[in-house]
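Below are the chains, spelled out letter by letter.
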Amino acid sequence: MTEPVGLLEAPLESARPPRPPSPGRTPRFLWVAAAFVLVPVVAPLVVLAAKVVGAGGDAWSVAFSERTGRLLVQTIGLTAAVTTGALVIGTATAWLTVRSDLKGRRVWSVLVALPLVIPSYVLALVLLSAFGNDGVVTGALGFLGVDSLPSIAGSFGAWLALVITTYPFVHLIASAALRRIDPGLTDAARSLGASPLAAFRTAVLPQLRPALAAGGLLAALYTLSDFGAVSLMRFDAFTRAIYAQYQGRLDRTPAAVLAMILIALVLVILMIEQRSRGKGRAYTPRPSRTPTQVTMRPAMRGLATGFLGIVTLVGFVLPIVVLVGWLLRSDTVSLEWSAAFGSLWVSVAAAMLAMAAAIPVAVLVVRHRSRLSIAMDRAIHSVFALPHIAVALAMVFLAVNYLGPLYQGFAVLIITYVALFLPQASGAARGSLEQIDPSVEEASRGLGRSALATIGVVTVPLMSKGLAAGGALVFLTTMKELPATLLLRPTGFDTLAVDIWSAASEGLFGLAAAPALLLIVVSAVPMYLLVTRSYER
Amino acid sequence: MPRLLTAIAVLAVALVGCGDDGTEALTVYSGRSETLVAPLIAQFEEETGIQVAVRYAGSTELAATILEEGGNSPADVFFAQDPASLGAVSGAGLFDRLAAETLELSRPDFSDGEGSWVGISGRARVLVYSTESVTELPMDRDDLLDAAWKGRIGIAPGNGSFLSFVAASILLDGENATRAWLEGLAANDPVRFDGNSAIVAAVDSGEIDVGLVNHYYLLRLLDEKGSSTAANHFFDAGGAAALVMPAGAGMLASSNNKDAATEFIEFLLSSDAQAYYASETFEYPLVPGIAASDALPPLDSLDAPEIDLGELGAALDRATELVSEAGLL
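Note that this is a predicted model, so its numbers are computed, not measured.

Residue and element names in this part refer to chain A. On average, residues of chain A carry a pLDDT of 83, and 90% of them reach 70 or more. Of all helices and strands in chain A, the one with the weakest mean pLDDT is helix α23 (residues 509-536) (76), whereas helix α3 (residues 66-98) scores best (93). Note on residues 1-18: pLDDT under 50 across the span, and 52 contacts to partners over four residues away in sequence or across chains.

Structure representation (structure tokens):
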């Protein structure tokens, strides 16, 4: 199964025992296709590394400066704080909407997932405005005699914006896991006299741990990668410093060094995660019966409803209210249709190309599993976890030095999107391919079709559902993408995300309203569908 | 499904092929923001029929981009908001010398002495302050190092204008004094912004009390909002903080569209465009005979430091290093 939003796709793990590889050699064209896919994923990183190594002593002095140390501490601190916050809130919302007897919990379950459709940078600028002097929140507190709040910018603002952005991941993953957990243990604990909380801690939490680890990892990687929220909140994380160095210095070496360090940090986290994975699974594959809902006391129920209400209020209602408010207040609707169209077409192009690239990857990984195909899959997944600003910077170096006429062209931008988001498409395609019996393809081969024709006529149509879902995810993620677009967009080309960013960084919040709302509307519907679909599974 | 596959394949091929769109548009790298420049560009396109593709980004970032691109730069014109970025590009020998007719349109004291870029509009460094919370104004920039200003100062350290000011400080006071000042400033926990308008907005809203910015952002805010609690303070000690610097433009030596490039630069110096700076962006026009906004003290009355603007570029890289070392960037 693919995870709810496809963002955490464990490379090469499925619940079912792997089928024996199909007979016959791996067709060479598959490897050629895979090589084409792999080059844009790996080449920029090689160029970045070469740039850093080539800088020699300068690179060392940046890497070991006091400032880099401070950035490291701040970034890791923020990551830990956001992960903790997301885990606490996401687990609570998941439990309340899956296991409690709260009224309307199905509706709540959708409501608390809604912040998913709001990009972190939009959330950040909404919070900045809402807590500012003319803001909604400040205004609402007016009756208490409050006329100004301390600025939300800085570590608290960055934390809040990122917790709101990341807890839905934990919520979705934990909800799915809670539905699979055998309720028998909880019932046993309760019948032995444990309080609901104690039963949760002793019977549910241990079973939930793998899901929470996955959700927490996702929140942590997201925080390390986030550029928009930390920049707008003026919090000194690595991503912000990389962009500041890129913008403010004639020498690009320091930016390259910082990007390399951030990449190394993410790779270390991935390695640790890889090692710890697969130990001590506590799942029962299928619950012995459907879970019973835990009855809550009325007071607790009120508290729980209040909690879900506040989460929804801050995570979704507030942003929409603020954005609509801006829109109503400004005399002219400042929507650049060219930006909307730009967002749309590059996202569609990236989604299509990613789907095309996903086909050889999925076929290799599922049907021709080997050490090489596993390594390829890992490489693709690792790039997915890397901060976009670092990958984009590497791509800039690659393009300006080696790609000649493609430099500043659409091709580089779209290929970068595909390199970044490919696992969303290939993971979904793999998911559906795993469910197809290879004997169908073998029959096609046996009837004389070539390997290529078999893939085209039999395999791809059969996995088209998964491919389409993966393509939709790539589309949505590309629509929201900011840092890579900022660095790589062709001259004169705008997207909604870039428009929002330019308006916000000039302090012209009102100008950001129309593009932000449009971005949310366009991404909300497909995102909602993908999420609810995953609920039905 | 085979049809979908074909479509995907066609698209993939088309994508790789569309890096170069083949049109002969004039490519301008603009360090000036889109809100300021876009109306001018539109007017130029309408008057001349020349298509312009504009790459908007920070001036320093674009200078670094041009340096990295070297002789292959797609840019024809570099329109920067500060003389230091222009100087960095001219220092690398990437600008063509402008024609004498172009140069003499503008004031020579606000253009490059070698003629590789020309001043387009004048901008003064000021301290924007809140009239509600600031009663005693600092005499010069050293006063801002007083602990009383801790956490109250806004700066935009990656901004070309701020970096030009630091570069000017290196030229005027030397590297050590500049480093000491930046470290002192960093110790006072300044609030860092991405750009000048955000600083002025923050002073206006009371988030911070003072900010080191260019003079016209407040006038634009006033024009939009009608009133503000913020005001401009022109330093009168004649130091780097009182720098008056031009936004300027130069033509890339690698350009293969030089006639259009020259036409564009001369358009920026036309009376229409200069009047636009005076009335819409509130900068100082640099073409003689065009009056600045009434709300401004006359350009020649400002107590600007004596400095060769052409040399600022050479100090820019050092300036960015010092700002970065002080932990501000």
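On we go.
Looking now at the nonpolar core. All names here are of chain A. Grouped together as the largest cluster of nonpolar side chains are 179 residues, with contacts concentrated most on V122 and L487. Considering every element that reaches this core, the biggest residue donor is helix α14 (residues 337-367), with 17 residues. Those residues in contact with V122, other than ones at most four positions away along the chain, are L323, I500, A516 and I520.

On to the pattern of salt bridges. A complete count under the given rule lists 22 salt bridges over all chains for this structure. A salt bridge links E321(B) to R249(A), with the shortest nitrogen-to-oxygen separation between them at 4.0 Å. Of this pair, E321(B) sits in helix α12 (residues 312-325) while R249(A) sits in the loop between α11 (238-248) and α12 (253-276), which puts the two residues in different chains. One salt bridge connects R141(B) with D173(B), and the closest N-O pair in it is separated by 2.4 Å. A residue pair is termed long-range when its members are at least 10 positions apart, and R141(B) in the loop between β5 (118-130) and β6 (153-155) and D173(B) in helix α6 (residues 160-173) qualify at 32 residues. Accessibility expressed as a relative area gives 38% for D173(B), which makes it partly exposed. Each member of the salt-bridge network shares a partner with another, and the members are R249(A), E175(B), R179(B), R318(B) and E321(B).

This brings us to the side chain of T459(A). Residues and elements named next belong to chain A. Relative to the elements of secondary structure, T459 occurs in helix α19 (residues 451-462). Classification of T459 as buried rests on a relative accessible area of 1%. Setting aside residues up to four positions removed in sequence, T459 forms contacts with V363, L433, I436, E441 and T454.

Rules behind the numbers
- Residues numbered from 1 in each chain as written.
- Chains lettered and ligands numbered in written order.
- Predicted model: local features only at pLDDT ≥ 70, side-chain atom pairs only at ≥ 80, totals over all residues.
- Heavy atoms only, no water.
- pLDDT = per-residue confidence, 0-100.
- Helix = DSSP H or I, 4+ residues; strand = E, 2+ residues; numbered from the N terminus.
- Contact = heavy atoms within 4.5 Å.
- Core = buried A, V, L, I, M, F, W, Y, C linked by side-chain atoms within 4.5 Å.
- Buried < 20%, exposed > 50% of the residue type's maximum accessible area, 1.4 Å probe, protein only.
- Salt bridge = Lys/Arg side-chain N within 4 Å of Asp/Glu carboxyl O.

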